[in-house]
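Spelled out from the first residue to the last, the chains are:
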Amino acid sequence: MTIEVRPASVFEDVSAVLGPKSPGANVCWCLSHRIPSQLNNELRGPARGEYVAELCRSQPPPGVIAYAGDEPVGWAAVAPRSETSFARSRTIPRVDDLPVWSLWCIRVRPGHRKQGMSHALITGAVEFARAHGAPAVEAYPLDSGDARVDLTMAYPGIRKNYERAGFVHVADTTSVLAGHPRVVMRLDLR
């Protein structure tokens, strides 16, 4: 199977990976860290998808999509940290003044997991950020060791996958998700 990762500029493909089964459902749409919390709380139901559709039409698009053939099967959110809630986070520290990009969410559709999609998405997100001038990419994965991680809370990824992609640990955090600490991992692109 051929995996291709492309910019998330086709809303229908983003919707296939992130969207709800019911159009009126209040799902994340990967907006929680992208927009201010007040706006995140105000956007309900279809308005969330409409907001993401606008992001898909913007430059740069809001992330990348992995395709198995022509089928969209995975998503990674990546953007300048300064444009995310991580810029103001009290639990995930800013390491320095480098204008890094943040890679904070990876989602692979059921039926396509354990086939290398997460690795392809990390690589694709890094290349996307590099193409848009990022000097480095940061991620904030779970440091779960060998412990199992609940798939619903594994969206930031796990440390081992980022290490395989060349990221290095640069800081600890006070953030804990699903009982696992999160760490700051960075890949320098300079």
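This write-up is about the structure you can find in this document. (Residues numbered from 1 in each chain as written. Predicted model: local features only at pLDDT ≥ 70, side-chain atom pairs only at ≥ 80, totals over all residues. Heavy atoms only, no water.)

## Some thoughts on the state of the cysteines
Evaluated as defined, the whole model comprises zero disulfides. Not engaged in a disulfide, the cysteine Cys28 finds its nearest cysteine sulfur in Cys30; these two sulfurs lie 5.6 Å apart. Here Cys105 is not disulfide-linked; the sulfur of Cys30 is the nearest cysteine sulfur, at 3.6 Å. Overall, Cys105 belongs to the buried group, its relative accessible area being 8%. (Disulfide = S-S within 2.5 Å. Buried < 20%, exposed > 50% of the residue type's maximum accessible area, 1.4 Å probe, protein only.)

## What about the nonpolar core?
One broad rule of soluble globular proteins: the nonpolar side chains tend to lie buried together. Counting 26 residues, the largest nonpolar core has Leu103, Tyr162 and Phe167 as the members making the most contacts within it. Of all the secondary-structure elements, those providing two or more residues to this core are β2 (63–68), β3 (71–80), β4 (101–108), α4 (117–131), β5 (136–139) and β7 (180–188). Among the elements that take part in this core, α4 stands out by supplying seven residues, more than any other. For Tyr162, the residues in contact, after removing those within four places along its chain, are Leu103, Ile106, Ile122, Ala139, Pro141, Pro156, Gly157, Phe167 and Met185. Val14, Leu18, Cys30 and Phe86 belong to the second largest nonpolar core, which has 24 residues in total. (Core = buried A, V, L, I, M, F, W, Y, C linked by side-chain atoms within 4.5 Å. Helix = DSSP H or I, 4+ residues; strand = E, 2+ residues; numbered from the N terminus. Contact = heavy atoms within 4.5 Å.)

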